[in-house]
Amino acid sequence: MNVGFIGTGSMGSLLIEAFISSDALSPSEITISNRTIAKAEALADRYPGMNVAYSNAEAALNMDYIFLCIKPHEFKQVVQDIQSSVHSDSIVVSITSPVLLSHLERELNCKVAKIIPSITNMVRSGATLCMYGDSMTEQDKSDLEQLFSFISEPIRIEESYTRIVSDLSSCGPAFFAFLLQQFVDAAVEETGIPRDGALQVAINMLHGTGLLLTEGGMTLEQIQQRVAVPGGITAKALYMLRQETEGIFNHLIRTTHTKYKDDLVKVSNAFCGEEVNGQ
Ligand SMILES: NC(=O)C1=CN([C@@H]2O[C@H](COP(=O)(O)OP(=O)(O)OC[C@H]3O[C@@H](n4cnc5c(N)ncnc54)[C@H](OP(=O)(O)O)[C@@H]3O)[C@@H](O)[C@H]2O)C=CC1
Ligand SMILES: O=C(O)[C@@H]1CCC=N1
């Protein structure tokens, strides 16, 4: 297989490293390009056999898959760069939510997909959210999902739900890391417990809670019920938590969706020269 990665920043390099460490791809199957070429060269130095391309056009030439691991505002330029390298059987994969499949289909004479990864894919965990352009066959979809199954659970979603499912799958790790950090900081502040020890206990708790949900067959409600003994300490604290956090995640979701819509308008203007009212 020949796979091109354009953009070797945070997510591009994470995907490359996860695919290699999971034996989904060997370094010699991978060609990378990046705006700051020294970054691509440094990555390739760590994986003998990996190819560095000195232009995006070269990174897309003769590739089965071309992953675009760049930010929304960088798409228009990169799509122009690769236009003459792709052909009807190439598959271009965007990992960015506000770039629509229709934007890519409009500019590229090839098959297109959108797959939103998550930082959890670094440890071969979490989901990847899969959406496909019209020319992707069932075989193309299952081949691509087979590749992503080495590092994640690929889940097909409707493009109209991109933002909310990305909030849960891709932004979620940052949100829950933040909440855990607040919990630990408060523990230190309120009691003087050494931070390292408190953090270790909290991390173990989060890991164990995840296992209860995935392997332990427990629901979120059951976990709360089993821990909150009636009239006990947790029950009292959960009551307080419900009062104090009411509506907080509605606010969070409205915040991500507002930013998403702003980005979508900018990307649509770049691609089509017009505004769209998309989800
Ligand atoms: N972080 C996450 O958990 C997730 C992120 N994403 C999406 O992934 C995308 C990339 O994010 P992230 O990796 O964090 O961003 P980074 O800024 O870390 O990486 C972007 C990379 O693209 C390179 N680049 C920019 N323009 C060009 C160009 N014209 N040609 C070639 N390379 C170029 C940059 O090069 P240079 O070295 O010069 O800066 C940089 O290395 C974003 O759209 C984000 O929404 C999706 C799911 C999860
Ligand atoms: O919205 C996106 O494109 C992704 C999800 C997490 C960060 N960026």
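Computed from a predicted structure; not experimentally measured.

Reading the values: rules and limits
- Residues numbered from 1 in each chain as written.
- Chains lettered and ligands numbered in written order.
- Predicted model: local features only at pLDDT ≥ 70, side-chain atom pairs only at ≥ 80, totals over all residues.
- Heavy atoms only, no water.
- Near = heavy atom within 4 Å.
- Polar contact = N/O pair within 3.5 Å; in protein donor to acceptor, adjacent residues only side chain to side chain.
- Areas by Shrake-Rupley, 256 points an atom, 1.4 Å probe, with all protein chains shown as cover.
- 1 Å grid on protein atoms, 1.4 Å probe; cavity = no way out; pocket = protein on both sides within 12 Å on 5 of 7 lines; lining within 4 Å.
- Sits in = over half its atoms within 2 Å of the grid points.
- Helix = DSSP H or I, 4+ residues; strand = E, 2+ residues; numbered from the N terminus.
- Buried < 20%, exposed > 50% of the residue type's maximum accessible area, 1.4 Å probe, protein only.
- Contact = heavy atoms within 4.5 Å.
- Nonpolar A, V, L, I, M, F, W, Y, C, P; charged D, E, K, R; others polar.
- UniProt positions renumbered as here; feature names shortened; annotations may be inferred.
- Pairing = 2+ DSSP bridges.
- Salt bridge = Lys/Arg side-chain N within 4 Å of Asp/Glu carboxyl O.

Quick word on the site of ligand 1
Here comes step 1: Near ligand 1 lie 21 residues; those nearest to it are Met 11, Asn 34, Thr 36, Lys 39 and Thr 96.
Here comes step 2: In the model, an oxygen atom of ligand 1 is placed 3.2 Å from a nitrogen or oxygen of the Gly 9 main chain.
Here comes step 3: Separating a nitrogen atom of ligand 1 from a side-chain N or O atom of Asn 56 is a distance of 3.0 Å.
Here comes step 4: Calculation on ligand 1 without its partners gives an accessible area of 910 Å², and the protein chains cover 79% of this total.
Here comes step 5: When each cavity is represented as a set of grid points, ligand 1 is found to reside in the second largest pocket.

Description of the side chain of Thr 31
Here comes step 1: Looking at where Thr 31 falls in the secondary structure, it is placed in strand β2 (residues 30-33).
Here comes step 2: Taking the relative accessible area as the measure of exposure, Thr 31 reaches 10% and is therefore buried.
Here comes step 3: Once residues lying within four places of it in the same chain are set aside, the contact partners of Thr 31 are Val 3, Gly 4, Phe 5, Asn 51, Ala 53, Ala 59 and Met 63.

Some remarks on the site of ligand 2
Here comes step 1: The full set of residues close to ligand 2 is Ser 97, Arg 163, Ser 170 and Cys 171.
Here comes step 2: Between ligand 2 and Ser 97, the relevant distance is 3.0 Å, taken from an oxygen atom to a side-chain nitrogen or oxygen of the residue.
Here comes step 3: Between Arg 163 and ligand 2, the recorded distance is 2.5 Å, taken from a side-chain N or O atom to an oxygen atom.
Here comes step 4: Here ligand 2 occupies the second largest pocket.
Here comes step 5: Tallied by class, residues from the shell around ligand 2 come to 1 nonpolar, 2 polar and 1 charged.

Brief notes about the UniProt feature "domain: Pyrroline-5-carboxylate reductase dimerisation" (unreviewed entry) in the chain
Here comes step 1: When the UniProt feature table is mapped onto this chain, "domain: Pyrroline-5-carboxylate reductase dimerisation" (unreviewed entry) is found at residues 159-261.
Here comes step 2: As annotated, residues 159-261 comprises 82% helix and 0% strand, and the C-alpha atoms at either end are separated by 14 Å.

Quick word on the sheet that holds β2
Here comes step 1: Here 8 strands make up an open sheet; going across it, the order is β3-β2-β1-β4-β5-β6-β7-β8 and the pairing mixed. Strand pairing shows two members of the sheet lacking a second neighbour, β3 (51-52) and β8 (153-156), which therefore form its edges.
Here comes step 2: Bridging between strand β1 (residues 3-6) and strand β4 (residues 65-68) involves 4 bridges; their strand directions are parallel. The residue of β4 that forms the bridge with Phe 5 is Phe 67.

Thoughts on the pattern of salt bridges
Here comes step 1: Counting across every chain of the model gives 11 salt bridges.
Here comes step 2: A salt bridge links Glu 17 to Arg 46; the nearest nitrogen and oxygen atoms lie 2.8 Å apart. With Glu 17 in helix α1 (residues 10-21) and Arg 46 in helix α2 (residues 37-46), the pair connects residues that are 29 residues apart, well separated along the chain.
Here comes step 3: Between Glu 107 and Lys 76 there is a salt bridge, with its nearest N and O atoms 3.4 Å apart. Residue Glu 107 is found in helix α5 (residues 101-107), and its partner Lys 76 is found in helix α4 (residues 75-82); the two are separated by 31 residues along the sequence.
Here comes step 4: Through salt bridges that share partners, Asp 89, Lys 111 and Asp 140 make up one connected network.

Some thoughts on the environment of Gly 273
Here comes step 1: Assignment of secondary structure puts Gly 273 in the segment after α11 (248-272).
Here comes step 2: For Gly 273, a relative accessible area of 61% puts it in the exposed group.
Here comes step 3: Separated by 237 residues in sequence, Gly 273 and Thr 36 have C-alpha atoms that sit 28 Å apart.

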